[in-house]
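Single-letter residue listing:
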Amino acid sequence: MDIRVPRLAEGVESATVANILVAEGATIERDQVVLELETEKAVGPIPSPGAGKVAKIHVKSGDQVQVGQVLISVTVEGAADQAKKEEPARASVKSSAIAAAQAAAPVRENAAAPGADAHRYESRSGFPPPAAPSVRKIAQELGIDLTRVKGSERGGRIALQDLKAYIAALQEAAAAPAPSRETPPPAAKGVDFSKWGPVEKKRMSALRRTVAQRMVESWTTIPHITQMDEADITNLLALMKKYGPRFEKKGTHLTFTPLAMKAAAAALKKYPIFNSSFDEATGEIIYKRYYHLGVAVDTDAGLIVPVVRDVDQKTIFSLSLELNTLVERTRQRKVSLEELQGGTFSISNQGGIGGGHFTPIVNKPEVAVLGLGRAALKPLVKDKKTETRMMLPLALSYDHRVIDGANAVRFVRELIQALENFSENELKEWRG
Amino acid sequence: MEAIKAEIVVVGAGPGGYVAAFYAADKGKKVVLVDRDKRLGGVCLNAGCIPSKALLHATGMIREAEASQARGISFGAPKIQLDKLRAWKDSVLDKLGQGLSGLSQKRGVQVLQGRGHFEDSQNLRVETSEGQKFVHFEKAIIAVGSRPAMPAAFDLGNPRVMTSTEALELEEIPRNLLVVGGGYIGMELGTVYATLGSSVAMVEALSSTLVGIDSDLVRPVMRFAEKAFKEIRLNTKVVKMATSGKQIKVTLAVDGKQIEESYDRVLVSVGRAPNCKDLGLENTKVTLDDKGFVQVNAQRQTADPNIYAIGDVAGGALLAHKASKEAKIAVEAIAGEASSFDGVVIPAVVFTDPEVAWCGLTEVEAKEKGIKVEVARFPWAASGRALTLDRTDGLTKLIIEPETERLLGVGIVGHGAGELIGEGVLAVQMGATARDIAESVHPHPTLSETLMECAEAFYGTSPHTAPRKKS
């Protein structure tokens, strides 16, 4: 029995071996976690699908691995004879397909894959593409959409051969040089810092490397502008003080972030361009009709941005509940990859730590990000009278390719209005 | 009391439940199987598929012997020993039930006899004869099936008003029997009793029997039923039933008039209802649709992530083999494998005389959905084998997608159609074209040739039908 890299998540091709938790010769139980893979922004445990003895570990910590790749070979005790009998017949078809699918299968299928991508099965009867149940099953396991596979047999029926050809084409497309991604700028190499004093070298974690790669990509491809302003949240803070204890009674903390999320969702609805994405390949702007907000979480390992879905449809109470557990799970690095995807706009609230205005970096493929600092008492001149009010620093960074400065001002004004005139009723809804 | 721990608990041991339990055990899961009956097998084995087919086979012999007279072989009048017939039928059920018990034991599936009741999304209470037992589970599969629907107005508490369950007990051969509902259960059991000598009348509220099945497939069955039954009243409703001595007085409404008739027994076969009550589903997140069936996704997972539902209780076609397929899909989904009910071809068979069987798309459905199809037909009067069997009352047809010539559906009426449809299922599920069927050699002389000839007829090259120009 081989333990392979499972299909990780939509669009995730590879992972880094973070920890190997067993040694060769060790006896393992079914479902025992044998190693951990670090992918994009989460660490995933890999359990053993069966009990047995670790025969060989094919990877070491820090290795880059592809979906489908063998990580650990396990000898199944007692069942060895049976396994031998069964394996060749079943495995020959499957494993060759899986081998071919290494890295290829989970490649974003809408990525340009010449030859493979040209085909789209359309049935006037509305039936799924014709294929034997065995072929259908393999496609299911590899996460391949059969409507994209061109069948070579009578009536367009898809044979195993067709599936293999499709995977090969995907593989080719995946292997083609992906511009900008794989070529990091030449680093300052070879400087021996120890000449000037004692140093300590630490390998960058996979997470840190991912963060670095993403920041470079965002910073170099997106022309950033940051719009700054301040919101008077004196009234909102008073509301929070009033409702805080009621939230405690219902079992959760009331913090500022859910309120900011709710205000942002309202502003996004009014200015949909801020909830869009820019498809550089097609030159299209994609407006999203859902409001999934990423929330930057500071963890020991680095920045992670889990996503809260359908913020516009949730109450402050349910957002608080959800956010508090999500942040906790993110800190413990227990969030799934799916929970890190699908965001339409992000919020980075530094207020808990301190800080004023700053220039957040857009979380690509989103087009805007809101940075919040810590509110402070400031003099405010109103009707020629000076009052001291709690002022919250706001910083909205946006992608100037799709958004203009005037829109940014409007969006920020809308946001300020929403925060300054926050409806108390929103804090009274307990529907969870 | 210590709860029994299970990775998977299966509630209901019919053809959905026991298949799920066995398959999960084969995959190395710790499984508990709960059923209220001592004999496993559910409705299928105890009060459905198996007993009805045993009786249909046994009584079919009577008609076969009758028909034989015209071919020069006579047996004389049949002598029916009802006790012996019933005992033989029951022995079949016992054999199959014992088989299931043995198979559970061999797999280490723990069987609890009693009613299951969900306490929450992880705990099941089972009311056994030895008191309450508790099962703490990781995942549950609900497979509690359905029961014959009995409208309150007909429920007199009189054993002379039967559902299929009682009718299969074969207590007596009533002199006259009213069958309420002309669906497949009414047709099958009406056939059994008519053959045993009852004078059978059938009433159906709609304008035809076997509603939903292509009319050309129903026609031969109707021709048989019109002869075998005393009468078939369409567009007729049963308004009232009342006990009247040793009879049931039935009030019928037809053409705005009401008539009263008396019958020795009444069989109510007006559909089936899901067994969702008293399961404690309100303590879980499971949701029901407006007809009371459990709502599930393509993996057969309910709105409660820990709970799956399969078979009749999950709605769709109420068929044993559909439940068994769903059992496998649910277990695979629980085991983390990719699995889905999408694209699964489910055949259906009505065991009337002659049998009706179909799979995939029907003509009725194609019309409803506006799907353009071509239909190739091969009447059995042109089949040598049908003639030698003296059963030319048959028809084989293929529903074909015009652009690709792919088989979308197969329909058969005729002697042994239930066995023949297997090839149709394979063809449709494999995405075969009419050409594939036409070019596969079928043995002569058999009824299976009708499939090949039908495909050839589509191309206008069947040797046994008049040439047809392919449009």
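Rules of the game
Residues numbered from 1 in each chain as written. Chains lettered and ligands numbered in written order. Predicted model: local features only at pLDDT ≥ 70, side-chain atom pairs only at ≥ 80, totals over all residues. Heavy atoms only, no water. Buried < 20%, exposed > 50% of the residue type's maximum accessible area, 1.4 Å probe, protein only. Helix = DSSP H or I, 4+ residues; strand = E, 2+ residues; numbered from the N terminus. Contact = heavy atoms within 4.5 Å. Pairing = 2+ DSSP bridges. Axes fitted to C-alpha atoms, helices over the stretch in contact; angles between N-to-C directions. Parallel < 35°, antiparallel > 145°, perpendicular 65-115°, else oblique. Left-handed = near helix turned anticlockwise from the far one by under 90°. Nonpolar A, V, L, I, M, F, W, Y, C, P; charged D, E, K, R; others polar. Core = buried A, V, L, I, M, F, W, Y, C linked by side-chain atoms within 4.5 Å.

**As for helix α1 (residues 17-26) of chain B**
Residue and element names in this part refer to chain B.
- The buried fraction of α1 amounts to eight of the 10 residues, a majority that puts the element mostly inside the structure.
- Within the sequence span of α1, burial applies to G17, V19, A20, A21, F22, Y23, A24 and A25.
- Of the surrounding secondary structure, the elements contacted by the buried residues of α1 are β1 (4-11), β2 (31-35), α4 (82-107), β5 (131-142) and α8 (320-334).
- Phi for G28, located one or two positions after α1, is positive at around 90 degrees.

**A word on the sheet that holds strand β12 (residues 247-254) of chain B**
Residues and elements named next belong to chain B.
- Read from one edge of the open sheet, three strands run β11-β12-β13, paired in antiparallel fashion. Taken across any chain shown, the strands that pair with only one partner, and hence form the sheet edges, are β11 (236-244) and β13 (257-263). Taking each pair of neighbouring strands and ignoring which way they run, the sheet shows an average axis angle of 25 degrees.
- Examined bridge by bridge, β11 and β12 share eight bridges and lie antiparallel to one another. When the sheet's bridge partners are listed, V238 is paired in β12 with L252.

**Observations concerning the packing of helix α6 (residues 256-270) of chain A against helix α8 (residues 405-420) of chain A**
Residues and elements named next belong to chain A.
- Two elements in contact, α6 and α8, have axes whose closest approach is 9 Å; the angle formed by their N-to-C orientations is 135 degrees. Regarding the angle of α6 to α8, the classification is oblique. Handedness of the α6/α8 crossing: right-handed. In contact with F256, L259, A260, A263, A264, A267, L268 and K270 of α6, α8 contributes F411, E414, L415, A418 and L419.
- Broken down by class, the residue content of the contact of α6 with α8 amounts to 11 nonpolar, no polar and two charged.

**Here we look at the nonpolar core**
- Core analysis: the biggest nonpolar cluster contains 59 residues, and A:F256, A:F274, A:F345 and A:L396 have the highest contact counts within it.
- Looking at this core element by element, the count peaks at nine residues for α6(A).
- Discounting residues that sit within four places of it in the chain, A:L396 has contacts with A:I225, A:T226, A:Q227, A:F274, A:F345, A:A368, A:V369, A:L370, A:A408, A:F411 and A:V412.
- Counting residues in hydrophobic clusters, the runner-up holds 35 residues, among them B:L56, B:L217, B:A225 and B:V350.

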